[in-house]
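Breakdown of the fold
In case you want the letters, here they are:
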Amino acid sequence: MIYNIEKVIHKGANMFGVYFGKYLVDKGILTQEQYNFIMSDSKNTRVKMGLLAVESGYMTTGQADEVNNLQQTQDKRFGDIAVEKGYLTEEQVGKLLEKQGEEYLLFVQALIEQNILTLEQIQSELNAYKKSEHYSASDIEAIKSGDIDRIVPIFVKDESIPSMVRDYIALMARNIVRFIDRYFRMEKVEKITEYTASYVAAQELDGAHKFFTGFCGDGQGIKIVAQEYAQEEFATVDLDVLDAACEFLNCNNGLYATKLSHEDVDIDMCPPIMKEEMTTIQTEGNMFRVPVYVKGKAVDLIVCIGAECTLN
(Lines give C-alpha, C1' and ligand atoms only; values in the text may rest on other atoms or scores of the structure.)
Protein backbone atom coordinates (compact mmCIF):
# COMPACT_ATOMS: atom_id res chain seq x y z
CA MET A 1 0.00 0.00 0.00
CA ILE A 2 1.38 3.42 -0.94
CA TYR A 3 0.79 6.34 1.39
CA ASN A 4 0.95 9.99 0.39
CA ILE A 5 3.24 12.29 2.35
CA GLU A 6 0.43 13.70 4.50
CA LYS A 7 -0.52 10.17 5.56
CA VAL A 8 3.07 9.32 6.45
CA ILE A 9 3.33 12.37 8.69
CA HIS A 10 0.34 11.21 10.73
CA LYS A 11 1.21 7.52 10.74
CA GLY A 12 3.95 5.82 12.77
CA ALA A 13 6.04 3.06 11.20
CA ASN A 14 4.65 0.21 13.32
CA MET A 15 3.06 1.68 16.41
CA PHE A 16 1.45 -1.65 17.32
CA GLY A 17 4.93 -3.17 17.51
CA VAL A 18 6.12 -0.24 19.62
CA TYR A 19 3.40 -0.58 22.26
CA PHE A 20 2.66 -4.31 22.26
CA GLY A 21 6.35 -5.10 21.79
CA LYS A 22 7.26 -3.12 24.92
CA TYR A 23 4.67 -5.15 26.84
CA LEU A 24 6.15 -8.45 25.59
CA VAL A 25 9.68 -7.33 26.48
CA ASP A 26 8.57 -6.31 29.99
CA LYS A 27 6.94 -9.74 30.45
CA GLY A 28 10.10 -11.53 29.36
CA ILE A 29 8.38 -13.10 26.34
CA LEU A 30 10.56 -11.10 23.96
CA THR A 31 14.19 -10.10 24.49
CA GLN A 32 15.31 -6.59 23.64
CA GLU A 33 17.50 -8.03 20.89
CA GLN A 34 14.56 -9.94 19.39
CA TYR A 35 12.40 -6.83 19.56
CA ASN A 36 15.04 -4.70 17.82
CA PHE A 37 15.48 -7.31 15.07
CA ILE A 38 11.73 -7.67 14.46
CA MET A 39 11.17 -3.92 14.27
CA SER A 40 14.06 -3.52 11.86
CA ASP A 41 13.25 -6.55 9.72
CA SER A 42 9.56 -5.71 9.36
CA LYS A 43 10.39 -2.54 7.43
CA ASN A 44 11.28 -4.59 4.35
CA THR A 45 8.64 -7.34 4.38
CA ARG A 46 4.98 -7.74 3.50
CA VAL A 47 2.26 -9.60 5.34
CA LYS A 48 1.66 -13.07 3.92
CA MET A 49 -1.78 -13.85 2.57
CA GLY A 50 -2.13 -16.95 4.76
CA LEU A 51 -1.73 -14.96 7.96
CA LEU A 52 -4.15 -12.34 6.68
CA ALA A 53 -6.76 -14.96 5.83
CA VAL A 54 -6.51 -16.63 9.25
CA GLU A 55 -6.39 -13.33 11.18
CA SER A 56 -9.46 -12.11 9.25
CA GLY A 57 -11.38 -15.29 10.09
CA TYR A 58 -11.72 -16.39 6.47
CA MET A 59 -9.60 -19.53 6.80
CA THR A 60 -8.34 -21.90 9.48
CA THR A 61 -4.66 -22.37 10.24
CA GLY A 62 -4.85 -25.83 8.71
CA GLN A 63 -6.33 -24.53 5.47
CA ALA A 64 -3.67 -21.83 5.22
CA ASP A 65 -0.90 -24.39 5.78
CA GLU A 66 -2.42 -26.61 3.09
CA VAL A 67 -2.44 -23.78 0.54
CA ASN A 68 1.13 -22.77 1.49
CA ASN A 69 2.26 -26.37 0.88
CA LEU A 70 0.48 -26.47 -2.48
CA GLN A 71 2.25 -23.27 -3.49
CA GLN A 72 5.56 -25.14 -3.28
CA THR A 73 4.46 -27.45 -6.11
CA GLN A 74 2.26 -25.09 -8.14
CA ASP A 75 3.19 -21.85 -9.87
CA LYS A 76 0.14 -20.07 -8.51
CA ARG A 77 -0.58 -17.32 -6.04
CA PHE A 78 -1.96 -18.07 -2.57
CA GLY A 79 -5.26 -16.38 -3.40
CA ASP A 80 -5.74 -18.31 -6.63
CA ILE A 81 -5.22 -21.67 -4.93
CA ALA A 82 -7.47 -20.73 -1.99
CA VAL A 83 -10.26 -19.76 -4.38
CA GLU A 84 -9.87 -23.03 -6.30
CA LYS A 85 -10.10 -24.97 -3.04
CA GLY A 86 -13.22 -23.04 -2.05
CA TYR A 87 -11.55 -21.52 1.02
CA LEU A 88 -11.80 -17.93 -0.23
CA THR A 89 -14.00 -15.96 -2.59
CA GLU A 90 -12.63 -13.48 -5.12
CA GLU A 91 -14.12 -10.68 -3.05
CA GLN A 92 -12.33 -11.91 0.07
CA VAL A 93 -9.03 -12.09 -1.81
CA GLY A 94 -9.51 -8.46 -2.85
CA LYS A 95 -10.12 -7.41 0.75
CA LEU A 96 -7.01 -9.30 1.92
CA LEU A 97 -4.86 -7.63 -0.73
CA GLU A 98 -6.04 -4.25 0.58
CA LYS A 99 -5.01 -5.28 4.10
CA GLN A 100 -1.58 -6.53 3.05
CA GLY A 101 0.04 -3.22 3.89
CA GLU A 102 -1.33 -3.08 7.44
CA GLU A 103 1.80 -2.68 9.49
CA TYR A 104 0.61 -4.15 12.79
CA LEU A 105 0.34 -7.53 11.08
CA LEU A 106 4.03 -7.36 10.16
CA PHE A 107 4.83 -7.52 13.87
CA VAL A 108 2.41 -10.42 14.37
CA GLN A 109 3.92 -12.26 11.39
CA ALA A 110 7.46 -11.81 12.71
CA LEU A 111 6.49 -13.21 16.14
CA ILE A 112 5.12 -16.30 14.43
CA GLU A 113 8.00 -16.78 11.97
CA GLN A 114 10.59 -16.39 14.74
CA ASN A 115 8.77 -19.14 16.68
CA ILE A 116 8.22 -16.79 19.61
CA LEU A 117 4.42 -17.05 19.78
CA THR A 118 1.66 -18.73 17.82
CA LEU A 119 -1.28 -16.71 16.50
CA GLU A 120 -3.43 -18.08 19.33
CA GLN A 121 -0.82 -17.13 21.94
CA ILE A 122 -0.51 -13.65 20.44
CA GLN A 123 -4.27 -13.15 20.80
CA SER A 124 -4.09 -14.35 24.39
CA GLU A 125 -1.24 -11.96 25.22
CA LEU A 126 -3.03 -9.13 23.42
CA ASN A 127 -6.09 -9.70 25.61
CA ALA A 128 -3.86 -9.65 28.70
CA TYR A 129 -2.19 -6.45 27.48
CA LYS A 130 -5.57 -4.82 26.88
CA LYS A 131 -6.67 -5.74 30.42
CA SER A 132 -3.45 -4.63 32.12
CA GLU A 133 -3.55 -1.20 30.46
CA HIS A 134 -7.32 -0.80 30.81
CA TYR A 135 -7.65 -0.34 27.06
CA SER A 136 -10.96 -0.55 25.24
CA ALA A 137 -11.38 -2.46 21.99
CA SER A 138 -11.33 0.87 20.14
CA ASP A 139 -8.04 1.77 21.87
CA ILE A 140 -6.43 -1.42 20.55
CA GLU A 141 -7.78 -0.74 17.07
CA ALA A 142 -6.33 2.78 17.23
CA ILE A 143 -2.89 1.41 18.11
CA LYS A 144 -3.17 -1.17 15.32
CA SER A 145 -3.99 1.61 12.84
CA GLY A 146 -0.66 3.34 13.47
CA ASP A 147 -2.44 6.69 13.06
CA ILE A 148 -0.93 9.07 15.62
CA ASP A 149 -4.11 11.19 15.63
CA ARG A 150 -6.05 8.13 16.81
CA ILE A 151 -3.38 7.01 19.29
CA VAL A 152 -2.85 10.28 21.19
CA PRO A 153 -6.44 10.45 22.56
CA ILE A 154 -5.83 7.12 24.35
CA PHE A 155 -3.39 8.89 26.66
CA VAL A 156 -5.28 12.16 27.23
CA LYS A 157 -8.61 10.82 28.47
CA ASP A 158 -8.39 12.70 31.77
CA GLU A 159 -11.21 15.24 31.64
CA SER A 160 -9.10 17.73 33.61
CA ILE A 161 -6.85 18.21 30.57
CA PRO A 162 -8.00 21.39 28.75
CA SER A 163 -8.74 21.13 25.04
CA MET A 164 -5.89 23.54 24.26
CA VAL A 165 -3.44 21.22 25.96
CA ARG A 166 -4.88 18.20 24.13
CA ASP A 167 -4.43 20.02 20.82
CA TYR A 168 -0.87 20.96 21.74
CA ILE A 169 0.06 17.39 22.69
CA ALA A 170 -1.45 16.07 19.46
CA LEU A 171 0.55 18.57 17.39
CA MET A 172 3.75 17.72 19.25
CA ALA A 173 3.17 13.98 18.69
CA ARG A 174 2.75 14.52 14.95
CA ASN A 175 5.96 16.53 14.80
CA ILE A 176 7.90 13.96 16.82
CA VAL A 177 6.80 11.35 14.25
CA ARG A 178 7.76 13.69 11.42
CA PHE A 179 11.11 15.00 12.67
CA ILE A 180 12.41 12.86 15.55
CA ASP A 181 11.30 9.23 15.75
CA ARG A 182 8.58 7.43 13.80
CA TYR A 183 8.78 4.69 16.45
CA PHE A 184 8.31 7.01 19.43
CA ARG A 185 6.06 5.97 22.29
CA MET A 186 4.06 8.05 24.74
CA GLU A 187 2.34 7.10 27.96
CA LYS A 188 -0.62 8.41 29.92
CA VAL A 189 -0.58 12.15 30.53
CA GLU A 190 -0.71 13.03 34.21
CA LYS A 191 -1.59 16.23 36.03
CA ILE A 192 1.12 17.26 38.49
CA THR A 193 1.82 20.17 40.86
CA GLU A 194 5.57 20.57 40.32
CA TYR A 195 8.39 18.93 38.41
CA THR A 196 12.15 18.59 38.96
CA ALA A 197 14.71 17.61 36.32
CA SER A 198 18.46 17.75 35.65
CA TYR A 199 18.00 19.41 32.25
CA VAL A 200 15.33 21.70 30.84
CA ALA A 201 14.86 22.95 27.27
CA ALA A 202 11.75 25.11 27.33
CA GLN A 203 9.83 28.03 25.88
CA GLU A 204 7.02 30.20 27.14
CA LEU A 205 4.14 31.47 25.02
CA ASP A 206 2.44 34.68 26.11
CA GLY A 207 -0.60 36.65 25.02
CA ALA A 208 -4.22 35.56 25.20
CA HIS A 209 -3.04 32.49 27.13
CA LYS A 210 -0.08 31.74 29.39
CA PHE A 211 1.70 28.66 28.12
CA PHE A 212 4.91 26.94 29.22
CA THR A 213 6.29 23.98 27.27
CA GLY A 214 9.53 22.13 27.76
CA PHE A 215 11.50 18.93 27.26
CA CYS A 216 12.84 17.83 30.63
CA GLY A 217 14.68 14.87 32.13
CA ASP A 218 18.12 13.35 32.66
CA GLY A 219 19.33 14.71 29.33
CA GLN A 220 19.56 11.54 27.25
CA GLY A 221 16.11 11.85 25.70
CA ILE A 222 16.67 15.56 25.12
CA LYS A 223 19.91 14.70 23.31
CA ILE A 224 18.04 12.37 20.96
CA VAL A 225 15.54 15.14 20.18
CA ALA A 226 18.41 17.54 19.52
CA GLN A 227 20.39 15.11 17.33
CA GLU A 228 17.45 14.04 15.19
CA TYR A 229 16.18 17.56 14.63
CA ALA A 230 19.58 19.17 14.04
CA GLN A 231 20.92 16.12 12.15
CA GLU A 232 24.10 16.44 14.19
CA GLU A 233 25.86 14.19 16.69
CA PHE A 234 26.44 15.54 20.21
CA ALA A 235 29.03 13.92 22.49
CA THR A 236 27.56 15.21 25.74
CA VAL A 237 24.47 16.95 27.03
CA ASP A 238 25.35 20.62 27.04
CA LEU A 239 23.95 24.01 26.02
CA ASP A 240 24.32 23.09 22.33
CA VAL A 241 22.01 20.11 22.90
CA LEU A 242 19.51 22.22 24.80
CA ASP A 243 19.63 24.89 22.11
CA ALA A 244 18.90 22.34 19.35
CA ALA A 245 16.03 20.87 21.39
CA CYS A 246 14.67 24.39 21.85
CA GLU A 247 14.82 24.90 18.08
CA PHE A 248 12.52 21.90 17.61
CA LEU A 249 10.28 23.23 20.38
CA ASN A 250 10.21 26.62 18.68
CA CYS A 251 9.23 24.96 15.37
CA ASN A 252 6.36 23.13 17.03
CA ASN A 253 5.26 26.19 18.98
CA GLY A 254 5.34 28.32 15.85
CA LEU A 255 2.92 25.91 14.20
CA TYR A 256 0.75 25.97 17.31
CA ALA A 257 0.73 29.77 17.42
CA THR A 258 -0.26 29.83 13.75
CA LYS A 259 -3.14 27.44 14.46
CA LEU A 260 -4.37 29.70 17.27
CA SER A 261 -4.10 32.80 15.07
CA HIS A 262 -6.50 31.16 12.62
CA GLU A 263 -8.90 30.95 15.55
CA ASP A 264 -8.37 34.67 16.30
CA VAL A 265 -6.26 33.88 19.37
CA ASP A 266 -3.06 35.93 19.54
CA ILE A 267 -0.04 34.41 21.23
CA ASP A 268 3.66 35.28 21.13
CA MET A 269 6.68 33.02 21.53
CA CYS A 270 9.27 34.04 24.11
CA PRO A 271 13.05 33.36 24.00
CA PRO A 272 14.22 29.81 24.80
CA ILE A 273 14.87 28.72 28.37
CA MET A 274 17.82 26.38 28.95
CA LYS A 275 18.83 24.86 32.28
CA GLU A 276 21.68 22.38 32.74
CA GLU A 277 21.37 22.04 36.49
CA MET A 278 18.74 20.56 38.78
CA THR A 279 15.65 22.71 38.25
CA THR A 280 12.18 22.66 39.78
CA ILE A 281 9.23 23.96 37.76
CA GLN A 282 6.24 25.33 39.66
CA THR A 283 3.06 27.14 38.63
CA GLU A 284 -0.25 28.26 40.10
CA GLY A 285 -1.89 27.14 36.89
CA ASN A 286 -2.29 23.62 35.55
CA MET A 287 0.79 21.47 34.89
CA PHE A 288 0.84 18.26 32.85
CA ARG A 289 3.56 15.67 32.32
CA VAL A 290 3.64 13.74 29.04
CA PRO A 291 6.05 10.75 29.27
CA VAL A 292 7.70 10.25 25.87
CA TYR A 293 10.26 7.68 24.66
CA VAL A 294 12.39 8.52 21.60
CA LYS A 295 14.86 5.93 20.30
CA GLY A 296 14.28 4.14 23.60
CA LYS A 297 15.30 7.14 25.74
CA ALA A 298 12.89 8.83 28.15
CA VAL A 299 12.07 12.52 28.02
CA ASP A 300 9.17 14.33 29.65
CA LEU A 301 7.17 16.96 27.83
CA ILE A 302 5.95 19.42 30.45
CA VAL A 303 3.02 21.66 29.54
CA CYS A 304 1.71 24.37 31.86
CA ILE A 305 -1.26 26.64 31.18
CA GLY A 306 -3.13 29.39 32.99
CA ALA A 307 -0.35 31.09 34.93
CA GLU A 308 3.34 31.93 34.83
CA CYS A 309 5.91 29.28 35.76
CA THR A 310 8.84 29.69 38.10
CA LEU A 311 12.05 27.73 37.58
CA ASN A 312 14.30 27.35 40.64
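This one's a predicted model, so the numbers in the text were calculated from it and none came from an experiment.

Reading the values: the criteria
- Every chain's residues receive numbers from 1 upward, in the order its sequence appears when written.
- Predicted model: local features are reported for residues with pLDDT of at least 70 only, side-chain atom pairs are reported and counted for 80 or more only, and whole-chain, interface and lining totals are derived from all residues.
- Values shown for side chains rest on all heavy atoms present in the structure; no hydrogens or waters enter the calculation.
- The secondary structure listing takes helices from DSSP runs of H or I that are at least 4 residues long and strands from runs of E that are at least 2 residues long, numbered from the N terminus.
- One less than the number of residues in a helix, times 1.5 Å, gives the span that helix is expected to have.
- Working definition: with a 1.4 Å probe on protein chains only, accessible area under 20% of the residue-type maximum means buried, over 50% means exposed, and in between means partly exposed.
- As used here, the arc is the angular range of directions from the helix axis to the C-beta atoms.
- Whether two residues are in contact is decided by their heavy atoms, any of which lying within 4.5 Å being enough.
- When the centres of two rings from Phe, Tyr and Trp lie within 6.5 Å, Trp using its six-membered ring, the rings pair. Their planes under 30 degrees apart give stacked, over 60 give edge-to-face, and anything left gives tilted.
- Two limits define a charge over a ring: the Lys NZ or Arg CZ must be within 6 Å of the ring centre, and within 35 degrees of the ring normal.

**Describing helix α9 (residues 119-132)**
- With 14 residues, α9 extends 20 Å between its outermost C-alpha atoms, agreeing within 8% with the 20 Å of an ideal straight helix rising 1.5 Å per residue.
- Looking only at α9, the buried set comprises Leu119, Ile122, Glu125, Leu126 and Tyr129. Viewed along the axis of α9, the buried residues span an arc of 120°, placing them on a single side of the element. When the buried face of α9 is taken as reference, the exposed residues oriented beyond 90 degrees from it are Glu120 and Lys131.
- Buried-residue contacts for α9 involve α2 (15-26), α4 (49-55), α8 (104-113) and α10 (137-145).
- Once α9 ends, the next one or two residues include His134, with phi positive near 60°.

**So, the packing of aromatic side chains**
- Summed over the entire model, instances satisfying the criterion amount to 15 aromatic pairs.
- Where Phe20 meets Tyr23, the ring centres are 6.0 Å apart and the plane angle is 15°; that geometry is what we call stacked. One end of the pair, Phe20, and the other, Tyr23, are both in helix α2, three residues apart, so they sit about a helical turn from each other. Residue Phe20 shares its accessibility class with Tyr23, and that shared class is buried.
- Relative to Tyr229, the ring of Phe179 lies with its centre 5.7 Å away and its plane at 80°, an arrangement referred to as edge-to-face. With Phe179 in helix α12 (residues 163-180) and Tyr229 in helix α13 (residues 220-230), this residue pair connects regions lying 50 residues apart in the sequence.
- Residue classification places Tyr229 among the partly exposed residues on the basis of a relative accessible area of 25%.
- Through pairs of rings, three or more aromatic residues link up here, namely Phe16, Phe20, Tyr23, Tyr104, Phe107, Tyr129 and Tyr135.
- In this structure, Arg185 is placed above the aromatic ring of Tyr293, and the distance from its NZ or CZ to the ring centre is 4.1 Å.

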